[in-house]
Amino acid sequence: MARDEPADNLGVMNLRSRFLAALSVLALLLAACGGSGDATTTTAAPATTSTMPVPEAMAISYDLQAGQTYTFELEMNQTMELTTTGDTTAMEEEGLPGNMVMTVSGPTLITYEVADGPDPDTYEITITSDLSGLEFDVAIDGETAEPGDLPDFAELEPQETTIVVDKQGKPIGGDPMTEDPFSGIFGGFDPGTMGDFGSSGLNPTQFFGPALPDEEVTVGDSWTDTTEIPLFGDDKVTTTVTSTIDRVEELDGKEAMVIETTISTSEIEFDMAEFILALFEGFFPEDPSEEDLAQLEELRNSLRFLFHVDASETGMTTWFDPEAGMALRSEMSGENRMAMDANVPDEATGEMVAFTLDMKVSSDMTYRLVEAPGA
């Protein structure tokens, strides 16, 4: 497949960059969607007392104050295990190890800076996280390693994002990673390092706590939201979020509704080969030669780029203070798995190289409100 024409070289390089982008975006999607493990938590139990009497049905919503700051402590315990076979040098110069296990744990502070949203009953929230408290434990092919041993591993810098939610905690407008999880393939996304790959699931800058219902609810009531995210062609991924008020109990001296939430995401399976072929065709001259067409046909017959993401289920328990309109504590736990089977051109030679990749991410996260106006 190696050729002297600049268009072909550019096409091979373009395939590699989009391949890396797709992999990193999928890793981020995994972390956001939850996992297939049991919905349990390994964190210490909060300071609660016995269950309280069932209250009358009431409307519940988030009550954030514009111009105010809220601070949360996040305790994170996340493990990523990566296994590869075949020739992974198509991904980057040094390829990937046969096996890598990376655990990230420790506390970090999350800060909300709240402003009025663009519409009534909406909030614009700038979320900042300080990741300096996180610790890394890395093993590569059975040998203990430091994060700096990974190719181009970057230090984790403070993260910041701005979102808009309504008073029920539902997102308004556009988080591109929610509306189109593959939007990063073409713009502003630089996943070409192992550091980007390894840290892509560690961004904790998100609104925590479940979306709340519009109607009045009490103990025993449930509500469900379903979202469909388009992928390629007619493919889509469906996420269903079901929440139930399990009980009311006292948490740190405050009366809290305990909301049990299950986040279920459908299986994802697709082949990006046709998509990649279209990219190659974009670099062909308007009047391709017979050699060009023959090489394209050869690529069409041998290219393979299969993705499979397991169906997922994440459990979340939230202690919600209906009087203050705040989530006081939230515990999440889940496990995710992605597999890939590829036969793609090598960047240097243009020859086809085959490899498989299997990645599993398991996470336990606990958010706790530590500072709020009037608290």
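Remember, predicted model here, so these are calculated numbers, not experimental data. (Residues numbered from 1 in each chain as written. Predicted model: local features only at pLDDT ≥ 70, side-chain atom pairs only at ≥ 80, totals over all residues. Heavy atoms only, no water.)

Brief notes about the overall build of the chain
- The secondary structure content of the chain amounts to 5 helices and 15 strands.
- Expressed as a percentage of its 375 residues, the buried residues of the chain come to 46%.
- Contacts in the chain between residues far apart in sequence, at least 24 positions, make up 76% of those at least 6 positions apart.
- Here the chain displays about 17500 Å² of accessible surface, and carbon together with sulfur accounts for 46% of that area. (Helix = DSSP H or I, 4+ residues; strand = E, 2+ residues; numbered from the N terminus. Buried < 20%, exposed > 50% of the residue type's maximum accessible area, 1.4 Å probe, protein only. Contact = heavy atoms within 4.5 Å. Areas by Shrake-Rupley, 256 points an atom, 1.4 Å probe, with all protein chains shown as cover.)

Quick look at the environment of Trp 223
- If you trace the backbone, Trp 223 turns up in strand S8 (residues 222-230).
- Along the backbone, Trp 223 and Thr 261 are 38 residues apart, and their C-alpha atoms lie at a distance of 9.6 Å.
- Setting aside anything within four residues of it in sequence, one finds Trp 223 in contact with Ala 211, Leu 212, Pro 213, Glu 215, Val 217, Val 241, Thr 242, Ser 243, Ile 245 and Ile 259.
- In this structure the side chain of Trp 223 is engaged in a polar contact, spanning 2.8 Å, whose partner is the backbone oxygen of Ala 211. (Polar contact = N/O pair within 3.5 Å; in protein donor to acceptor, adjacent residues only side chain to side chain.)

Digging into the pairing of strand S5 (residues 135-140)
- Judged from the 6 bridges that link them, strand S3 (residues 99-116) and S5 form a sheet pairing that is antiparallel. Bridge assignment links Thr 103 to a residue of S5, and that residue is Asp 137.
- Where S5 and strand S6 (residues 143-145) come together, 3 bridges link them in antiparallel fashion. Within the sheet, the bridge partner assigned to Val 138 lies in S6 and is Ala 145. (Pairing = 2+ DSSP bridges.)

Topic: the side chain of Thr 71
- With respect to the element layout, Thr 71 can be found in strand S2 (residues 69-86).
- Those residues in contact with Thr 71, other than ones at most four positions away along the chain, are Leu 109, Ile 110, Thr 111, Arg 368, Leu 369, Val 370 and Glu 371.

Regarding the confidence of the model for the chain
- Here the chain shows a mean pLDDT of 76. Residues at 70 or above account for 71%.
- Considering only residues more than four positions removed or in separate chains, one finds that residues 1-49, a stretch of pLDDT under 50, has 131 contacts.
- Confidence over residues 174-202 falls short of pLDDT 50; this stretch has 72 contacts with residues more than four positions distant or in other chains. (pLDDT = per-residue confidence, 0-100.)

Topic: the side chain of Gln 168
- In this structure, Gln 168 sits in the loop between strand S7 (159-166) and helix H2 (176-179).
- Since its relative accessible area comes to 6%, Gln 168 is described here as buried.
- Separated by 3.2 Å, the side chain of Gln 168 and the backbone oxygen of Ile 60 make a polar contact.
- Here the side chain of Gln 168 touches Pro 213 through a polar contact of 2.6 Å, landing on its backbone oxygen.
- When neighbours within four sequence positions are excluded, Gln 168 is seen to be in contact with Ile 60, Ser 61, Tyr 62, Pro 210, Ala 211, Leu 212, Pro 213 and Asp 214.

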